[in-house]
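So you can see what is in the structure, the chains are spelled out below.
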Amino acid sequence: MAAAIWRQLVRRPAVAVSSVSASASSTMRQQKISSVILRRLQSTTTRASPRSTFTTIRQQAPYKSRSYSSQTPPPKQGSTPVKFWPFLLVIALSSGSYVLLVNKRNEEAANMPALPSPKTSGAIPAPHKSTPTFSPKDVTVVFVLGGPGAGKGTQCANLVRDYGFVHLSAGDLLRAEQDRPGSQFGQLIKDCIKNGDIVPMEVTVQLLENAMTEVLQKDSSKNKFLIDGFPRKMDQAVKFEESVCPAKFVLFYDCPEQEMERRLLERGKTSGRADDNAESIRKRFKTFEQTSMPVVDAYEKEGKVLKIDATPSPVAVYRETQEQMKKWLQ
Ligand SMILES: Nc1ncnc2c1ncn2[C@@H]1O[C@H](COP(=O)(O)OP(=O)(O)O)[C@@H](O)[C@H]1O
Ligand SMILES: O=c1ccn([C@@H]2O[C@H](COP(=O)(O)OP(=O)(O)O)[C@@H](O)[C@H]2O)c(=O)[nH]1
């Protein structure tokens with residue numbers, strides 16, 4: 001389209017020149033008339049506005065030289081509105097096409113299929129909303145954070161047994177989605193887990209919301225959730241709190257890397273997990289330091305973090321957990 005308009009623009013002067021040459025005698029007459037008008041205008045410049053006079057003279061002048069020359073006329077000096085409209089047209093058409101393209105993309109994104117619930121075939125709409133699905137008055141959410149191998153899963157099992165929490169491990173939900181036949185996110189999740197990267201938050205937040213909804217639909221009294229290994233990145237924390245449910249507090253299991261590595265390599269002997277190997281462990285530690293610790297720091301500033309030393313035995317760690325949780329669960 002732009003090229004066609006450009007071709008038209010390039011052709012225009014040639015057409016003008018040929019038609020002028022073809023009617024040389026009539027333009028000779030025009031030349032005489034023009035020069036008379038010119039002289040009259042020049043003689044009236046004191047009466048006319050200087051600007052309009054200047055424009056009128058410039059518009060008349062080129063015809064004078066073309067009428068007797070077969071050469072391409074020299075380019076017009078200055079500019080007139082006639083020269084600008086095709087460019088404005090090109091810009092308007094380009095902007096219009098761009099707006100159409102953006103609208104089409106937005107429509108496509110809005111029509112993206114929602115993730116099906118991991119255990120049911122019914123699709124639950126994605127959380128495109130600014131008010132949380134669950135109110136903290138009806139549902140308790142506790143985030144469980146800590147480096148890979150810090151002992152989060154081990155302590156969650158104790159809390160489920162003694163406090164009636166429902167345990168939702170973000171890692172387990174992602175692994176289940178990765179293995180679900182037909183999942184459009186399977187390969188993406190697999191790659192992220194192997195490289196110790198964080199899966200895009202929309203996927204994880206949706207899986208967690210699906211799982212919570214499913215539990216509550218079956219039994220509305222099961223309304224206390226331990227969300228293990230999540231949020232690992234600030235965007236996940238923000239999205240979950242604004243679209244699913246604000247968290248009550250955060251359990252943070254603090255463990256040195258050397259100890260976590262030892263535990264993970266030991267776990268790797270039987271876990272069958274693709275990321276319990278030396279190379280993935282190194283990458284997971286890096287992601288934890290750079291991406292997940294800022295989440296812990298942010299919640300710490302809000303006074304919501306219970307920091308627990310995870311180096312002692314599992315029993316000792318659990319005792320400390322219970323002690324610290326007392327004031328939050330009264
Ligand atoms: N306090 C602890 N002391 C020693 N080993 C532990 C302790 N807590 C957990 N483990 C072991 O370390 C490994 C990692 O624990 P896990 O709970 O799976 O960690 P995470 O969920 O944080 O990755 C498991 O094999 C577990 O049995
Ligand atoms: O919110 C989450 C939680 C987990 N993961 C991915 O799942 C992996 C395993 O997480 P999990 O909590 O199961 O294990 P951990 O590393 O704590 O032992 C992580 O390294 C990430 O690649 C993720 O992308 N987002």
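All values derive from a computational prediction rather than experimental measurement.

Rules used throughout
Residues numbered from 1 in each chain as written. Chains lettered and ligands numbered in written order. Predicted model: local features only at pLDDT ≥ 70, side-chain atom pairs only at ≥ 80, totals over all residues. Axes fitted to C-alpha atoms, helices over the stretch in contact; angles between N-to-C directions. Helix = DSSP H or I, 4+ residues; strand = E, 2+ residues; numbered from the N terminus. Parallel < 35°, antiparallel > 145°, perpendicular 65-115°, else oblique. Left-handed = near helix turned anticlockwise from the far one by under 90°. Contact = placed C-beta atoms within 7 Å. Nonpolar A, V, L, I, M, F, W, Y, C, P; charged D, E, K, R; others polar. Near = placed C-beta within 6 Å. UniProt positions renumbered as here; feature names shortened; annotations may be inferred. Buried ≥ 20, exposed ≤ 12 C-beta atoms within 10 Å, placed from the backbone. Pairing = 2+ DSSP bridges.

Caption draft 1: Expanded view of the packing of helix H6 (residues 170-179) against helix H7 (residues 186-195). Here H6 crosses H7 at 135°, and the two axes come no closer than 8 Å. Taken together, the axes of H6 and H7 are oblique relative to one another. The handedness of the crossing between H6 and H7 comes out as left-handed. On H7, the residues touching Leu174, Glu177 and Gln178 of H6 are Gly186, Ile189, Lys190 and Ile193. Of the residues contributing to the contact of H6 with H7, the split by class is three nonpolar, two polar and two charged.

Caption draft 2: Expanded view of the site of ligand 1. By nearness alone, 15 residues border ligand 1, and Gly151, Lys152, Gly153, Thr154 and Arg263 come closest of all. Listing elements by their share of the shell around ligand 1, those giving two or more residues are helix H5 (152-163), helix H10 (257-271) and helix H12 (314-325). Grouping the constituent residues of the shell around ligand 1 by class yields five nonpolar, six polar and four charged.

Caption draft 3: Seen up close, the UniProt feature "binding site: a ribonucleoside 5'-phosphate" (unreviewed entry) in the chain. The positions UniProt marks with the feature "binding site: a ribonucleoside 5'-phosphate" (unreviewed entry) are Arg175, Asp197, Ile198, Val199, Gly229, Phe230, Pro231, Arg232, Gln236, Arg273 and Arg284. Sequence-distant contacts of Pro231, defined by excluding residues within four places in its chain, comprise Phe143, Gln236, Ala237, Phe240 and Val295. Contacts of Arg232, omitting those with residues within four sequence positions, involve Ile198, Thr291, Ser292 and Val295.

Caption draft 4: Examining the UniProt feature "binding site: ATP" (unreviewed entry) in the chain more closely. Under the local residue numbering, the UniProt record ascribes the feature "binding site: ATP" (unreviewed entry) to Gly149, Ala150, Gly151, Lys152, Gly153, Thr154, Arg267 and Pro312. In this fold, Ala150 is placed in the loop between strand E1 (140-146) and H5. In this structure Ala150 touches Tyr253, Cys255, Met260 and Ala310, once residues within four positions along its chain are discounted. Locating Lys152 in the fold gives a position in helix H5. Overall, Lys152 belongs to the buried group, with 23 C-beta atoms counted inside 10 Å. In contact with Lys152, not counting residues within four places along its chain, are Val144, Gly146, Asp228, Gly229 and Tyr253.

Caption draft 5: Structural detail: the site of ligand 2. Close to ligand 2 lie 20 residues, the nearest being Pro148, Ala170, Gly171, Val199 and Gly229. Among the elements of the structure, H6 and H7 are those that each provide at least two residues to the shell around ligand 2. Here the element with the most residues in the shell around ligand 2 is H6; it accounts for three residues.

Caption draft 6: Structural detail: the pairing of E1. A large share of E1 lies buried, amounting to six of its seven residues. Where E1 lies against strand E3 (residues 224-228), five bridges are found, and the strand directions are parallel. Directly across from Val144, in E3, lies its bridge partner Asp228. With five bridges connecting them, E1 and strand E4 (residues 249-254) associate as parallel partners. Pairing of Leu145 across the sheet is with Phe252, part of E4.

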